[in-house]
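Understanding the architecture of this molecule
Here is how the chains run, residue by residue.
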Amino acid sequence: MSMPTLDNQQNLTAADDAATPTNDDIVRVREFLVDLQARICQALEAQERAGGGNATFVPDDWERPEGGGGRSSVLAGGKVIEKAGVMFSHIHVHNLPASATARHPHIAGRKAQAMGVSLVVHPTNPNVPTSHANVRLFVAEAAGEEPIWWFGGGFDLTPFYPVLEDCIHWHQVCHDLCAPFGDNVYADFKQWCDEYFHLRHRDEQRGIGGLFYDDVNTDSRGWDFETCFNFMQAVGNGYLDGILPIFEQRKNTPYTDEQREFQLYRRGRYVEYNLVYDRGTLFGLQSNGRIESILVSMPPLASWHYRLEPAEGTPEFELTDYYLKPRDWLAS
């Protein structure tokens, strides 16, 4: 099916405007997500083996009393990957939490289902960035009414010892996967990512960004369900296109104990963000979600130092002075 761009939104037919997901559509999205989780786990295990490690993902299937369930796959203690969680969930919610209805009061009182894949990868080597991705579909339903649905997701990169070519590569992947969907999609979702992954209490970016989008549907973007699903697939597949070359280049880079300590210090910022601002964490906690899956994004080790101030001219200083600021990486 052809994918309408922002330039030809006005050409969408009334039928496209009214398109709503069928049960078959939801099954197709679920099948893609289950396959995506498996492929990401396989690719990360291959990086672990290539770096001389033997840690593997351990799957944990679970069910939710209110309906639905998922599979949490966790790799821990690897030589290349210290901890990674790749989570699939498809849950049913009968009482939507405040984190959902505050932004969308029109869905209050509806039953809903949410499905997605989310992941966080904490590499062992400080030269390999922490990475995060998720793609998701939300559908709220009420008897006798059309479903209310939207897609969300994205991926972002949190380096500790950044390399400029990695930052450019990451954003080039983001740009290229967005290009078929419209000229402004990358710019819009990059800016949204920069604004979303901002630690307001420190006035600091979490990383170098990437893509973030939410509430994407026909009303917000002019895309029918099929186009939104196509974009979900592009983002889900794009994560591996972005992260695997960085693993290949950096996983065997030598590092010092001091660099490892700085990595743990910066991981503390990651913890702060996830516990204070992350919408997915808040939704999970407020919807009585499975706590082990919600908090699997936490690093196995992190540290906090009082007023750590790296010396000017050091890589540690350069991280916040240059890299952790919103910028046009493709113009660098």
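Source: prediction; values computed, not measured. (Residues numbered from 1 in each chain as written. Predicted model: local features only at pLDDT ≥ 70, side-chain atom pairs only at ≥ 80, totals over all residues. Heavy atoms only, no water.)

Some details on the pairing of strand β2 (residues 68–76)
Going by this rule: When DSSP finds at least two bridges between two strands, those strands are taken to pair. Elements are defined by DSSP. Helices are runs of H or I of four residues or more, strands are runs of E of two residues or more, and each kind is numbered from the N terminus.
Sheet topology places strand β1 (residues 58–63) next to β2; six bridges connect them, and they run antiparallel. Counted as the bridge partner of Asp-61 is Arg-71 from β2. Linkage of β1 to β2, two consecutive antiparallel strands, is achieved through a turn of four residues, within which Gly-67 is found at a positive phi near 135°. Across nine bridges, β2 lies against strand β3 (residues 81–93) in antiparallel orientation. Each bridged residue has a counterpart across the sheet, and for Gly-69 the counterpart in β3 is His-90. Between β2 and the antiparallel strand that follows it, β3, lie four residues; Gly-77 among them carries a positive phi value of about 75°.

Topic: unusual backbone geometry
Just so we agree on the cut-off: Exposed residues in this analysis have more than 50% of their type's maximum accessible area, buried residues have under 20%, and partly exposed residues fall in between, with area computed by a 1.4 Å probe over protein chains only.
Positive phi is not limited to glycine here, since Asp-203 has a value of about 50°. Along the polypeptide, Asp-203 turns up in the loop between β7 (198–199) and β8 (204–205). A residue is classified by how much of its surface remains accessible, and Asp-203, at 63% relative accessible area, is exposed.

Quick notes on the pairing of β3
A regular strand carries its side chains on alternate faces of the sheet. Most of β3 is tucked away: 11 of the 13 residues are buried. As defined by bridge partners, β3 adjoins strand β4 (residues 111–123) across 12 bridges and the pair is classed as antiparallel. In the strand pairing of β4, Ser-89 is matched with Gly-116.

Some remarks on the packing of helix α2 (residues 23–50) against helix α7 (residues 225–250)
Definition in use: Every angle, taken between N-to-C directions, lies between 0 and 180 degrees, and every axis is a line fitted to C-alpha atoms, over only the stretch in contact when it is a helix. Should an angle lie under 35 degrees it is considered roughly parallel, over 145 roughly antiparallel, and from 65 to 115 roughly perpendicular; all remaining angles are considered oblique. Should any heavy atoms of two residues lie within 4.5 Å, those residues are counted as being in contact. In the scheme used here, Gly and all other residues not listed as nonpolar or charged are polar, with Ala, Val, Leu, Ile, Met, Phe, Trp, Tyr, Cys and Pro taken as nonpolar and Asp, Glu, Lys and Arg as charged.
Contact geometry for α2 and α7: axes closest at 11 Å, N-to-C directions at 0°. The orientation of α2 relative to α7 falls into the category roughly parallel. For the pair α2 and α7, the contacting residues are Asp-25, Arg-28, Val-29, Phe-32, Leu-33, Leu-36, Arg-39, Ile-40, Ala-43, Leu-44 and Gln-47 in the first and Phe-225, Glu-226, Phe-229, Met-232, Gln-233, Gly-236, Asn-237, Tyr-239, Leu-240, Leu-244, Phe-247 and Glu-248 in the second. Classifying every residue of the contact of α2 with α7 by side-chain character gives 14 nonpolar, four polar and five charged.

Description of the state of the cysteines
Quick reminder of the rule: The criterion for a disulfide is a pair of cysteine sulfur atoms lying within 2.5 Å.
Summed over all chains, the structure comprises zero disulfides. The thiol of Cys-193 is not disulfide-bonded; the next cysteine sulfur, from Cys-174, is found 7.6 Å away. Residue class for Cys-193 comes out buried when judged on its relative accessible area of 1%.

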